[in-house]
Amino acid sequence: MNLLIVLPLLPLAAAAWLAISPRFVPVAPVAGGWVVALCATFTIAVAALVAPDRLALPVVFVQGNAALVLDATARAALLLFGGLWLTAGLLLTRAENDGPGAVMVLLALSGANTLALAHGGSLVYAGMVAAGYGFYGVIAGEQGDAWRRAARAFVVLLVISDLLVFELILSATVKPAVIMPQGAGMPASLLVIGLLALVLRGGIPPAHGWLPTLLVAVSPATAVLSAAPVAAALFGTMKLLPDGAPVLAVGCLALSLAGAAWSLFAGLCQASARATLGYALAATAALLLLALPAGPGEAAQLAWLALALLAAAASLPLVVLQCAGWKRDLAVAAALLAHGLAGGYAAAHAAAVLPSGIGLLGLPVAVAATLLLTVAARRSRSLAPADRATEAAYLAFAPVIFAVVGTGVAWIASWPGLSAAAAAPLGITAGLVAYRLLPASARMEPGDLLRAVERASASALRVGRVLCVDWLGTARDQLEAGLLALWDGQRWSTRVRWLDLRLRAWPATCLFMLTVALLAAFLLLQ
Amino acid sequence: MSEWLAGAPWMMLAIMLPLAGALVAFLLPRHSALVGLGAGLLTACAALAVMLQVAADGRQAYQLGGWPAPLGIELVADGLSVLMLAMTAVVGVAVSVYARVYLADSPDKVRRFWPLWLFLWAALNALFQAGDAFNLYVTLELMGLSAVALVALSGSGPALSGAMRYLLVSLLGSLSYLVGVALLYHAYGTLDLALLSERADGGLQLAVPLGAMIAGLLLKTGLFPFHIWLPPAHGSARAPVSALLSGLVVKASFYLLLRLWFTFTPEGQGVPLLLGSLGATAIFWGSIQALRQKRLKLLVAYSTVAQLGYLFIAFPLANLEPALAWGGSIYLALSHAMAKGAMFLAAGSIMTQGGHDEIDELDRVVERMPLTLAAFALSGISLAGLPPSGGFVGKWMLLQAAMTQGSWFWALVIIVGGLLTATYVFRVLGFAFTKSPHEHERHDVPATMEWTALVLALGAVLLGFAAPWALPLLEGVLP
Amino acid sequence: MSFNTWLPVLVLCSSLIPGLVIFMLPERATTLRTTLNLGGALLKIVLLVLMMIGVFHGVDYEFRVPLVPGLDFVLHADALSLMFVNLSAVLWLATTFYAIGYLEDSPNRSRFFGYFSLCVTATVGLAMAGNLLTFLVFYEALTLTTYPLVVHRGTEVARKAGRTYLAYTLLGGVLLLTGTVWLYSLTGTLEFIDRGFVAQAGVDPAVLRMVFLLLILGVGVKAALLPLHAWLPQAMVAPAPVSALLHAVAVVKAGAFGIVRIVYDVFGIEFAASIGVTLPLAMLAAATIIYASLRALFQDDLKRRLAFSTVSQVSYITLGVAIAGPIATIGGLVHLVHQGFMKITLFFCAGNYAETLGVHKVSEMAGIGRRMPWTTAAFTVAALGMIGLPPTVGFISKWYLGLGALEVGQHWVVFVLAGSSLLNAAYFLPILRTAWFDAPPAEWPEERDYGGKETAWLLLLPPLATAAATLVWGLLASMPGTPLDWVQFIAARKYAP
């Protein structure tokens, strides 16, 4: 049996077992976390050890081009997902963790694995959908009500983004190859759709409002997994636009600069570490948007960079579980360094398709991302009591290791030049300085524009309701009721009865008869 | 088979058997039900035999006592007569079976019903086979008188006043018809229909008598605006009697009208248009009235008023496609006879069951009498022209004739009429499924009554598939 | 009079005769009634399999008797009719199981199952109709046999709903009759032929447009096109198996099937496009899709929300038919089958909720996934299918519809599809979230005890089976033997090669 097909199916089977078996055999809640960790380990093992492979699935979906492929991009994606889920699983095994249920986490893993391995428009779409909705299920499994706002915003953006991806794969199928010359790639309109889909589901500003709001409200396991939707968005877009989008490179640069600036401003004005982390993730996502038009690169370095950036960001929520000491400082430092180096590389990667003058403008984005991450790390106060801190200390290293691996593979596989390394020291230093200089009073609500958008959409919905239900619907219903009242309406009945009585009188009958007889005779004469 | 059929004078027997039966039933009042039923079955066989003869050999003629026309009485049976005979036979047998059970608990009514009914049957059979205008008058008169007596049979106040009105109206119509006959004889010197059709050539001497006859026949058929006698008479008579009246008696005068029309084939568009307009008004008026009714039997009576209008729509449509238009009208008459008969029988069963026939108090009668409601529904389907039924075939043919001629108005009339019919039929059905807030008495209804109504309704539905056999019989008849 | 002639009639009789016999059975004869029902359903499926094999090898099954002068009553089994008959037969089997479980201890079961069988007979006859006259006959018969099912409960509300239902459907029947007679008087024939028979008659296109309008409005009442759709939400007062049958199999699909027949086998799609009637039809379908989805958004009663969803989804079929392209045809036709399965699952689950817990409204469904997980799982699969997500069959139909629209350059259709998917998500996803992730109330409105099980087996298995079909056919869509495969076989013949 091909190992590739096992990767999506194993978490599904485990989730089914976890869901059904409690009816027959009582299963301790913490066992769920171990199952998650086990599935995640399997994912990592396959990603690390198995040779490149391809499993064609012609009967799946439409067009017959669906396949599961293990290439470098898939490897990086699997390592990222595996690492995130391993950490989340181990967090779930801690008894005081009131996080999401293991079943939803496993379903999300299955979706993520499918996305990582998918090849062929419809299978990639299926993977993106599964990963997105799976993550929504993970959020929804949280206790309490604080997650609802963020989850609602996320799912609305998800649905719209799904529609855009659907339009993309439809149009890509329709455009026949004869119209476009070889090597011309996709037309610009399709590229715009693809990138718009990425922006909406990947937490890239301006569609980032849900990310800080979410991170503030959830448990550590979900917070670690919050890097997953960004990753899923990026990897999905990479598979859908395999040659990148060189014609849109300048537009992406502008958008990511604006996004990074906004994130920086809003992130620095936050009170909590988690909120700042949210903005850091948004800035990282903007950085990935910047890097995307250049394509994955010869050694798939964009994928490894994404691994590094997102794993580093995902390690931040665990910092609070470590008590102050060398382990904590080592973890933070390694994470920040990995993030900075990867960010710089990403900026350099982006510069490959940008016009020579403005290629350097990518660097501030990388610096902003690392800056925010540093500030988030500094704002993280340790919450852990001394005895539980030990296992958490090692737990935090899991995503950090993956981040370091990602940076390492990217840098070693294809050396970008030392200028790319500038982002790391710049970002970290700027972050430390900013933390020192920030006044304590400047505070902003996490999610900034989210409330305004929510209010606008609620009033739009109200207008729609008034129009459809109250006006059109009521008018139509009244018309129908009026017409149906003729069926057994009584108003016309009395008038008809009066007429009937008149007609049934003898004088009327004799008159009619005479008339008819004479008329008939007259007409017959004609 | 033709030789075996030629053995007996079936046409004569079809008239004599019910007459003899009526006499015997009158003389033996205690066995009148059995005698009546037996005579009815035998008559039906005779009618069937006539039909087989005509189907095999074409138009049949029989001279009573061997005297040829124009002196003697000649009986003529062609396709149209035979179809009418068959219709009478089927409806007659069903009503006989039903009446035997229905009237079982009122012996004084029983001994009067059977002679009158058999007399009516004899008159009908004679009318359908009559070959000259005066015989038609005589049989028409006989039929009218026995019908009036049957209406008065139930003895209640409304029945008596309805019967009185029916009598007066009937006499008025017959008078008018007789005037027409007299004028015809004065003009052409003969009353035999075949001879008249050769000699008549239009002009005032044809127009006036024909006009008088048409007016008289319209009065007897109950076309709007001459329908005044129909709802009281049909609504207050006993159920089997109403079935006979709506199903057979009004068809007889319509048959007469058709005969006259085919004999003289007047040209010109005036009279057909007049008749068609009266028919259209009848459809609307009858349907609207039916919608208003609170009592089931009155609803069915007004439904007859409406359905009679359909028969007359064929007149303006017979220009381009006479076969289609007349065929449709006649088919509608046949299926209406069976469907309306079934409907009245079903209404009778419902009234027996609950003691009343208020429509909105039917109180889930479908649970207690599913067969009766099925009969009602099936006959309603035929009346409304919903497929598959005889009514649908008739309507289709009329619609086709209308569309070929491009007459939008008549097509619209037919369609809207169908909708209105369906409306009031389903109104009743809706109440039949619904629980009523009041309590009602419950009696048992014998299964025979339910099954008779159902069989008759099924006949109306099955007529929908019989068109390929029935319509070719009309070939020699239509102009 | 060979077997080939009688096989269509046998297929009809396999539900007609059990239906008539069931009417005569007393209320207590449960075993006999169940045997008759299931026996008839299974026999029908066996006969249909025989027919499918025959049609695939080119055998012609036709039954013909004259009905009115010049026209015959024709039952003819071609690939398109077989698709619809199979859908009806399979879903009838599932609904029979469900109805047996649902109506346990209800009064008047013999009457119910009798009319049930007659209703399926009418649907099967409609599917196998070989000319427009036969189609009309069974179309009206369908109205008449479904009316007693709608008023089954015998309440005043049911009577009013039946009245509305009849008003609309009789109107539709009358319009169809007018159009049919007119068409016959213009062309002299009514037989269904691949690629239509109207083109040869040489009639003025303006007249043909009027005829098309009449015909489409006539079948459009049953197919719930705007503005003739209002009977559907009101007919929800009927018991759940009736809603399932009406909205997934019989009435609504019959209307959609009628539109398919009229556009492809009476007018011919290419001819219809040339006289310019397909674009207005597509726009009407699009308006229905959006309007009905918007209405569904504001309904709290679960069955009414599903009813408006049906109105919207059936217009997908009309939209696919009206876009004149082979791939869009595949999309529209395959959605006929797919939507049947998905919608019937949703209605089965709604019936389960009402029957087991007394839950009728969406606002009462908090945490129902914990109490009834299997039912809610089936509901989830079907709802995701309605939104059009892979791996359900809903994605397959949307794919072909979108692809077909882009293929012929009608880009606005993709926007309509996208908008409709968005609205579908807006009214289905909150239900799913409430059902799975909210806390259940302390007490359900009217809970019935099934002894520790979620609900009765007969109520649980049909939705699971249809949801499983939704998943399997959606995932393995390119396998031979799926509905998609059969539809591709059908659609190829509707276009000039």
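Residues numbered from 1 in each chain as written. Chains lettered and ligands numbered in written order. Predicted model: local features only at pLDDT ≥ 70, side-chain atom pairs only at ≥ 80, totals over all residues.

Student: Would you mind going over unusual backbone geometry with me for this structure?
Tutor: Peptide bonds are trans in most cases, and residues, glycine excluded, mostly fall at negative phi. At the junction of P387(B) and P388(B), the peptide bond is cis and its omega measures out at -10 degrees in the coordinates. Structurally, the position occupied by P388(B) is in the loop between α16 (370-384) and α17 (390-405). The residue after P390(C), namely P391(C), is reached through a cis peptide bond having omega 5 degrees. Its location among the elements puts P391(C) in the loop between α16 (373-387) and α17 (393-407). Phi is positive for N108(C), which is not a glycine, with a value near 60 degrees. For N108(C), the position within the fold is in the loop between α3 (79-102) and α4 (109-127). Of note in this structure, A224(C) is not a glycine but carries a positive phi near 55 degrees. (Helix = DSSP H or I, 4+ residues; strand = E, 2+ residues; numbered from the N terminus.)

Student: Looking at this model, I keep getting lost on the sheet that holds strand β2 (residues 67-70) of chain A. Mind explaining?
Tutor: Across a sheet, paired strands are connected by hydrogen bonds in the backbone, their directions being either parallel or antiparallel. Residues and elements named next belong to chain A. The three strands are arranged β1-β2-β3 in an open sheet whose pairing can be described as antiparallel. With one partner strand each, in any of the chains shown, β1 (53-56) and β3 (118-119) form the two edges of the open sheet. Note that β1 and β2 share four bridges and pair antiparallel. Each bridged residue has a counterpart across the sheet, and for R54 the counterpart in β2 is V69. (Pairing = 2+ DSSP bridges.)

Student: Help me understand the interface of chain C and chain B, please; the structure alone is not making it clear to me.
Tutor: Frequently, the measure chosen for interface size is the accessible area that the parts lose on association. Listed as interface residues are 28 residues of chain C and, on the opposing side, 27 residues of chain B. Within the residue set of the side of chain C that touches chain B, elements represented by two or more residues are β1 (61-68), α5 (132-150) and α6 (156-187) of chain C. Looking at the side of chain C that touches chain B element by element, the count peaks at 13 residues for α6(C). When the residues that make up the side of chain C that touches chain B are grouped by side-chain class, the tally is 17 nonpolar, six polar and five charged. (Contact = placed C-beta atoms within 7 Å. Nonpolar A, V, L, I, M, F, W, Y, C, P; charged D, E, K, R; others polar.)

Student: For this particular structure, what's the right way to read the interface of chain C and chain A?
Tutor: Taken residue by residue, the interface counts 31 residues in chain C and 30 residues in chain A. Secondary-structure elements contributing two or more residues to the side of chain C that touches chain A are α6, α12 (278-297), α17 and α18 (411-437) of chain C. Counting residues per element, the side of chain C that touches chain A draws most heavily on α18(C), at eight residues. Its residues assigned to classes, the side of chain C that touches chain A shows 23 nonpolar, four polar and four charged.

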